[in-house]
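# Geometric and topological summary
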Amino acid sequence: EKGYEFFRLHPDKKTILMVGGSLGARTLNQSIVAAFPKLKTLDDVQVIWQCGKYYFNEMSDLQAKGEIPPNVHLFDFVSRMDYAYSVADLVISRAGAGSISEFCLLGKPVVLVPSPNVAEDHQTQNAMALVKKDAAVMVSDANACELLFDTALRLVNDNEKLKSLSENILKLAQKDSAKRIVDEIVGIVGCCQ
């Protein structure tokens, strides 16, 4: 309830959370802008859109011109990710290891769009590790403007697939990782004394 209130959302609508990191992700932003005509026609889906601080002025200009649909809620940065995750039926995100670990621990269905601008294309490898276990869906950066929101809108309305993705990603969660790291350190330090 606090999440819906915080973002001024309707609890009876499906919610997509799109995050591209605190700085933003150009492709994700371009993809949602390309999807505005589709999103304007939907009254059962709403989007929390973190566009990133680098893109906020440009996206705010679109909002001022009335180009952003009313069911799309624009933010430069989402300070209450706990609320955002709590209301999200589906997440769209890059495929960094930190983000993926959060999705696993929370059991969040996710569409991953790996960044092509990282060393050794490691985000694609991160995403594929989940895709191979039917724990996430991947859309390539090159195809995102064309396919991302068609994919997300199809998924967010498929309750069985959302449930399956959620169950499968939850199986990959690395719980108690802080304790396991400390145990390793203690083991190493203990053997060296």
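Residues numbered from 1 in each chain as written. Predicted model: local features only at pLDDT ≥ 70, side-chain atom pairs only at ≥ 80, totals over all residues. Heavy atoms only, no water.

### Observations concerning helix H8 (residues 159-170)
Keep this limit in mind: Numbering of helices and strands starts at the N terminus; helices are DSSP runs of H or I of at least 4 residues and strands are runs of E of at least 2. One less than the number of residues in a helix, times 1.5 Å, gives the span that helix is expected to have. Remark: exposure states derive from per-residue accessible area (1.4 Å probe, protein chains only) relative to the maximum for the residue type, with buried under 20%, exposed over 50%, and partly exposed in between. Working note: the arc is built from the helix axis to C-beta atom directions.
With 12 residues, H8 extends 16 Å from end C-alpha to end C-alpha; this agrees with the ideal 16 Å at 1.5 Å per step. Every buried residue of H8 is listed here: Leu 162, Leu 165, Asn 168 and Ile 169. Seen from one end, H8 has its buried residues packed into an arc of 140°, which puts them on one side.

### Remarks on the pairing of strand E4 (residues 90-93)
Condition: Paired strands, as defined in this entry, are two strands with at least two bridges between them according to DSSP. Crossovers are marked right-handed if the path from the first strand over the helix to the second runs clockwise, as seen with the strands pointing away from the viewer.
On E4, burial covers both faces: Leu 90 and Ile 92 on one face and Val 91 and Ser 93 on the other are all buried. In this structure, strand E1 (residues 14-19) lies alongside E4, joined through 4 bridges in parallel fashion. Residue Leu 17 lies in a different strand from E4, and its bridge partner there is Val 91. Sheet analysis places E4 next to strand E5 (residues 110-112), joined by 3 bridges and oriented parallel. Looking across to E5, one finds that Ser 93 is bridged to Leu 112. Since E4 and E5 lie parallel, the crossover through helix H5 (residues 97-106) that links them has a hand, and here it is right-handed.

### Points about the sheet that holds strand E2 (residues 45-50)
Rules: The criterion used for residue contact is that any of the two residues' heavy atoms lie within 4.5 Å. Working convention: axes come from line fits to C-alpha atoms, limited for helices to the stretch in contact. Angles between N-to-C directions cover 0 to 180 degrees.
Within the open sheet, the 6 strands sit side by side as E3-E2-E1-E4-E5-E6. Their pairing is parallel. Looking at strand neighbours, the two that pair on one side only are strand E3 (72-75) and strand E6 (137-138), the edges of this open sheet. Pairing geometry for E2 and E3, over 4 bridges, is parallel. Each residue of the ladder has a partner; that of Val 47, found in E3, is Val 72. Each of E2 and E3 touches helix H3 (residues 56-64); the most contacted strand, E3, lies at about 145° to it.

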